[in-house]
Amino acid sequence: MPLIKLEYWLKHLYKSRNWRMFMVVIIIFAGLDFIFPIKVNTQYSTVITDSDGKILHAFLNAHDKWRMQTELKEITPTLEKAIIFKEDRWFRYHFGINPIAVGRAFFNNILKRRRTSGASTITMQVVRLLYPQERTYWHKIIEMVRAIQLELHFSKDEILQMYLSLVPYGSNIEGLKSASVLYFQKSPDVLSLAEVTALTIIPNRPSSLRLGKNNTYILQERNKWLRRFAEADLFAAQDIEDALSEPLQVQRHEAPKLAPHLSYRLKTSYPDQPTIHASVRRNLQMTLEKMVQNYVNRLYGLNIHNAAVMLINNQTKQVEAYVGSADFNNPVD
């Protein structure tokens, strides 16, 4: 358990009137934590970024899924407010479970004799995404215990980051960043309010709300939530109005595939690092790749079939462009 997190909990418990009771609870959970430790070993897609932090190249993970890790700096206030308002309004205040929501859900489920509400917090959803299980009452109890364990180990920001990096978007796309890159061709930190809202509502129904296929329906659902945001005064009225008028005309795109030789080299060198920041300058890389390809095409008649270029800034000693061949996808090269 991180020392800062442990210190926060101990101070909180010590100041409480019932600190002895809470201390017993902590000891119990510490024991459970020892016997059934939390293991977070998420296999993310490897992402290579350029000198400005924009994606140069992205790889499928080991399970052929696009699961790009959302970086903490990419979680904007707009994104955080929209997600928390929709999924778990007490996220910043509870300890992994919301007792009131659990009690209400239990009463409704017993009264109606069927599962009408799960009362899942964001933390509980993270547990379910990390450890998928059949939806039963017993597994719900385990999920709640695991949620408390997760809260003891990670900060709220880290838990929110996990949630955003794991939520499903249909097909083989997982995580808000993956959806943002593959559908909107931009990173999460530059999404508009309308785009954020669209991506916020999809994980609850990733099959029926499929971007590129059900845009009209998604637009209607997006605007419903934008109006709810307006009723709650979550965002400025003008921002809501602009978002409501923003069209939704998106389709799935290919992941960026620039600097393939360098990207594969970096991926091999840092296999456990989900995001690798390179010094390559995107526009310069694109220009040089095209120049090398054109150069080889002109000299093909002279039996020159390939070329490679590495451009280094003499002042900074940084590699700003890296071209390993004229055509990476040509097996002859």
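Further up the page is the structure itself.
These numbers come from a predicted model, not from an experiment. (Residues numbered from 1 in each chain as written. Predicted model: local features only at pLDDT ≥ 70, side-chain atom pairs only at ≥ 80, totals over all residues. Heavy atoms only, no water.)

*Asks:* Give me helix H7 (residues 156-166): which residues, what numbers.
*Replies:* By the criterion of burial, H7 is predominantly enclosed, with nine of the eleven residues buried. Every buried residue of H7 is listed here: Lys156, Ile159, Leu160, Gln161, Met162, Tyr163, Leu164, Ser165 and Leu166. (Buried < 20%, exposed > 50% of the residue type's maximum accessible area, 1.4 Å probe, protein only. Helix = DSSP H or I, 4+ residues; strand = E, 2+ residues; numbered from the N terminus.)

*Asks:* Can you break down unusual backbone geometry residue by residue, with the values?
*Replies:* Within the chain, aspartate 64 stands out as a residue other than glycine whose phi angle is a positive 60°. Examined against the element boundaries, aspartate 64 turns out to sit in the loop between strand S2 (55-58) and strand S3 (66-67). Although it is not a glycine, alanine 259 adopts a positive phi angle of roughly 45°. Within the secondary structure, alanine 259 sits in the loop between helix H11 (237-245) and helix H12 (260-269). Taking relative accessible area as the criterion, alanine 259 reaches 1% and is therefore assigned buried.

*Asks:* Just give me the short version of the environment of histidine 253, but keep the residues and values in it.
*Replies:* Mapping histidine 253 onto the fold places it in the loop between H11 and H12. A C-alpha to C-alpha distance of 8.2 Å links histidine 253 and valine 181, two positions 72 residues apart in sequence. Once residues lying within four places of it in the same chain are set aside, the contact partners of histidine 253 are Leu182, Tyr183 and Gln185. Looking at histidine 253, its side chain comes within polar contact range of the main-chain oxygen of glutamine 251, at 3.3 Å. (Contact = heavy atoms within 4.5 Å. Polar contact = N/O pair within 3.5 Å; in protein donor to acceptor, adjacent residues only side chain to side chain.)

*Asks:* Residue-level account of the pattern of salt bridges, with values.
*Replies:* By the definition in use, this model includes 14 salt bridges. Residue glutamate 174 pairs with lysine 65 through a salt bridge whose shortest N-O separation is 3.6 Å. A residue pair is termed long-range when its members are at least 10 positions apart, and glutamate 174 in strand S4 (residues 173-174) and lysine 65 in the loop between S2 and S3 qualify at 109 residues. Take glutamate 174: its relative accessible area is 15%, and that puts it in the buried class. For lysine 65, a relative accessible area of 25% gives the class partly exposed. With its nearest N and O atoms 2.8 Å apart, the salt bridge here joins glutamate 143 to arginine 128. Highlighted residues: glutamate 143 in helix H6 (residues 137-153) and arginine 128 in helix H5 (residues 122-130), separated in sequence by 15 residues. Residues joined by salt bridges that share partners form a network here, namely Lys65, Arg67 and Glu174. (Salt bridge = Lys/Arg side-chain N within 4 Å of Asp/Glu carboxyl O.)

*Asks:* How would you summarise the sheet that holds strand S5 (residues 275-277) if you had to cite specific residues and measurements?
*Replies:* Pairing is mixed across the open sheet formed by three strands, whose spatial order is S2-S1-S5. Only two strands of the sheet have a single neighbouring strand rather than two, namely S2 and S5. Each neighbouring strand pair of the sheet contributes to a mean axis angle of 20°, computed without reference to strand direction. Of the strand pairs in this sheet, strand S1 (residues 47-49) and S2 are connected by three bridges, and their pairing is antiparallel. Across the sheet, the residue bridging to isoleucine 48 is histidine 57, located in S2. (Pairing = 2+ DSSP bridges. Axes fitted to C-alpha atoms, helices over the stretch in contact; angles between N-to-C directions.)

*Asks:* A description of the packing of aromatic side chains should follow, citing residues and the corresponding values.
*Replies:* Scanning the entire structure with this criterion turns up six aromatic pairs. Aromatic side chains tyrosine 264 and phenylalanine 328 sit 5.5 Å apart centroid to centroid with 25° between the ring planes, which places their arrangement in the stacked category. Of this pair, tyrosine 264 sits in helix H12 while phenylalanine 328 sits in the segment after strand S7 (319-323), placing them 64 residues apart in sequence. For tyrosine 264, a relative accessible area of 41% translates into the label partly exposed. Taken together, Phe85, Trp225, Phe229 and Phe235 form an aromatic cluster joined through their ring pairs. In this arrangement the basic side chain of arginine 89 is found over the ring face of phenylalanine 85, its NZ or CZ atom lying 3.9 Å from the centre. (Phe/Tyr/Trp six-rings, centres within 6.5 Å; stacked < 30°, edge-to-face > 60°. Lys NZ or Arg CZ within 6 Å of the ring centre and 35° of its normal.)

*Asks:* Which residues make up the nonpolar core, and what values do they have?
*Replies:* Within the largest apolar cluster, 59 residues are counted, with the highest numbers of intra-cluster contacts made by Ile122, Leu199, Leu211 and Phe229. Those residues in contact with leucine 211 that sit more than four places away from it in its chain are Tyr183, Phe184, Leu199, Ile202, Ile218, Leu248 and Val250. (Core = buried A, V, L, I, M, F, W, Y, C linked by side-chain atoms within 4.5 Å.)

*Asks:* Give me the lowdown on the packing of H5 against H7, citing residues and values where you can.
*Replies:* Interhelical geometry of H5 versus H7 gives an angle of 50° and a closest axis separation of 9 Å. Classed by the angle they form, the pair H5 and H7 counts as oblique. Between H5 and H7 lies a crossing of left-handed hand. On the side of H5, the interface is formed by Ile122, Thr123, Gln125, Val126, Leu129 and Leu130, while H7 contributes Ile159, Leu160, Met162, Tyr163 and Leu166. Among the residues making up the contact of H5 with H7, the classes are represented as nine nonpolar, two polar and no charged. (Parallel < 35°, antiparallel > 145°, perpendicular 65-115°, else oblique. Left-handed = near helix turned anticlockwise from the far one by under 90°. Nonpolar A, V, L, I, M, F, W, Y, C, P; charged D, E, K, R; others polar.)

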